[in-house]
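Observations on chain architecture
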Amino acid sequence: LEGRLTYDRHETPAARFAGDIAVDDLVVHDSGEDQDVLRMASLRLETVAVAAEPLSLSIERIRLGEPYLRFAIAQDGSSNVARMRVAPAAGEEAAATPVTQTAPPEIRIGEITVENGSAWFEDLSLRPAFATAVQQLQGGIKGFTTAASGTTAVRLEGQTGPQAPVNVGGHL
C-alpha cells in the first residue's frame, strides 16, 4: 500500500485515499472443500482514488498476474463461491437500518489486464455433468464505468486444450 489518506472533519466529514495497492501471492481457500477458489501471483491496483463523500472509486489499471479461479456448481445448484459466504451467528438478527435515497456511487476502472490466467469450471447439476479448464488466458477489460453513457470493451484469449482456442470479445 502506497498512497495518501486524508480526512477533513469540517462541515461534511470527508475521507479520501489516493495511491497504489499491491498484493502478492493472494489465496482464497475453501477449507470445507479443501480447494483454492481464487489465487493470484500478483494483484496490482494502480492510480487508485477513493472518496467517501460523495462515494466514488477510480482505478486507472488493475493487473492480475497469473490469476486462477475455480467455479463449481454442485448437484443441488449451489456454487462453491456462494457457500463461502459468512452467515450471521445463530440467534443474531440484522439490525434494522433506515433506508435513505442516495445517488449510486461513481465507479470507473480504466483497464483490467489478465496475464497468464487459468480457470476451472464444473457444473454437476447438468446431466451429463460438464467440466472444463481454460489456460493461458490473456487480455482484459477496458473502460468499465457505472456512468450510463459508458461502454466497456472485453477481449480475452486462452486455450481449453492444445488445439482448442477460447476467444471472448465484445462491448457491454
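Scroll up a little and you will see the structure.
Now for a description of the structure that goes with this document. The structure presented is a predicted model; accordingly, all values stated were derived computationally and were not measured.

Turning our attention to the overall build of the protein chain. Scanning the protein chain for helices and strands turns up one helix and nine strands. Helices and strands in the protein chain line up, N terminus first, as β-β-β-β-β-α-β-β-β-β. For 172 residues, the compact-globule estimate of 2.2 N^0.38 gives 16 Å, and the C-alpha radius of gyration of the protein chain, at 20 Å, exceeds that figure by more than 25%. C-alpha atoms of the protein chain, sized along the principal axes, occupy 60 × 45 × 35 Å. Considering the protein chain as a whole, with its 172 residues, one finds that 23% of them fall into the buried category. Taking the contacts inside the protein chain whose residues are at least 6 apart along the sequence as the reference set, 45% of them involve residues at least 24 apart.

What follows concerns the packing of aromatic side chains. A full pass over the atoms with the stated rule returns two aromatic pairs. With a centroid separation of 6.2 Å and 5° between ring planes, the pair formed by Phe71 and Phe121 is classed as stacked. Of this pair, Phe71 sits in strand β5 (residues 68-73) while Phe121 sits in strand β6 (residues 106-123), placing them 50 residues apart in sequence. Judged by relative accessible area, which is 29%, Phe121 ranks as partly exposed. In this structure, Arg39 is placed above the aromatic ring of Tyr68, and the distance from its NZ or CZ to the ring centre is 4.2 Å.

Bringing the side chain of Asp123 into the picture now. With respect to the secondary-structure elements, Asp123 resides in strand β6. Despite its burial, Asp123 pairs with no opposite charge; the closest candidate is Arg127, at 7.7 Å N-O. Within the structure, the side chain of Asp123 is placed 2.5 Å from the side chain of Ser125, a separation counted as a polar contact. Those residues in contact with Asp123 that sit more than four places away from it in its chain are Ile73, Ala129 and Phe130.

Using the criterion set out here, one finds nine salt bridges in the structure. Between Arg44 and Asp24 there is a salt bridge, with its nearest N and O atoms 2.8 Å apart. With Arg44 in strand β3 (residues 35-52) and Asp24 in strand β2 (residues 14-30), this pair connects stretches of sequence that are 20 residues apart. Residue Glu157 is joined to Arg155 by a salt bridge in which the shortest nitrogen-to-oxygen separation is 3.9 Å.

Glancing now at the environment of Gln138. Positionally, Gln138 belongs in strand β7 (residues 130-145). Gln138 has contacts with Val114, Glu115, Asn116, Arg155, Leu156 and Glu157, leaving out every residue within four places of it along the chain. At 3.4 Å, the side chain of Gln138 forms a polar contact with the backbone nitrogen of Asn116.

We now examine the pairing of strand β8 (residues 153-159). Looking down a regular strand, the side chains alternate between one sheet face and the other. Side chains Val154, Leu156 and Gly158 of β8 all project onto a buried face; the interleaved residues Ala153, Arg155, Glu157 and Gln159 project onto a face where none is buried. As paired strands, β7 and β8 are joined by six bridges and run antiparallel to one another. Residue pairing across strands places Ile141 opposite Val154, the latter belonging to β8. Relative to strand β9 (residues 165-171), β8 is paired through seven bridges, and the arrangement is antiparallel. By the bridge assignment, Gly158 is partnered in β9 with Val166. Linking two consecutive strands that pair antiparallel, namely β8 and β9, is a turn of five residues.

Basis of the calculations
- Position numbers for residues count from 1 along each chain, tracking the sequence in the order it is written.
- Given that the model is predicted, a residue must reach a pLDDT of at least 70 before its local features are reported, and side-chain atom pairs must reach 80 or more before they are shown or counted; all residues, however, enter totals for whole chains, interfaces and linings.
- Think of the side-chain values as coming from all heavy atoms in the structure, minus any hydrogens and water.
- A helix here means a DSSP run of H or I that spans at least four residues, while a strand means a run of E at least two residues long, and both kinds are numbered starting from the N terminus.
- For this measure, only C-alpha atoms enter the radius of gyration; the expected value for a globule follows 2.2 Å times N^0.38, where N is the number of residues.
- Exposure classes here rest on a 1.4 Å probe applied to the protein chains alone. A residue is buried below 20% of its type maximum, exposed above 50%, and partly exposed in between.
- Throughout, a contact is declared for two residues whenever any of their heavy atoms are within 4.5 Å.
- Only Phe, Tyr and Trp rings are paired, with Trp represented by its six-membered ring, and only when their centres lie within 6.5 Å; those with planes under 30 degrees apart are stacked, over 60 edge-to-face, the remainder tilted.
- Note on geometry: a ring has a charge over it if NZ (lysine) or CZ (arginine) is within 6 Å of the ring centre and within 35 degrees of the ring normal.
- In this count, Lys and Arg are taken as positive residues and Asp and Glu as negative ones, while His and the chain termini are left out.
- Counted as salt bridges are all cases of a side-chain nitrogen of Lys or Arg within 4 Å of a carboxyl oxygen of Asp or Glu.
- Polar contact is defined as a pair of N or O atoms within 3.5 Å, subject to the rule that within protein one atom must be able to donate a hydrogen and the other to accept it, and that residues adjacent in sequence are counted only when both atoms are side-chain atoms.
- The rule for pairing is simple: two strands pair if DSSP sees at least two bridges between them.

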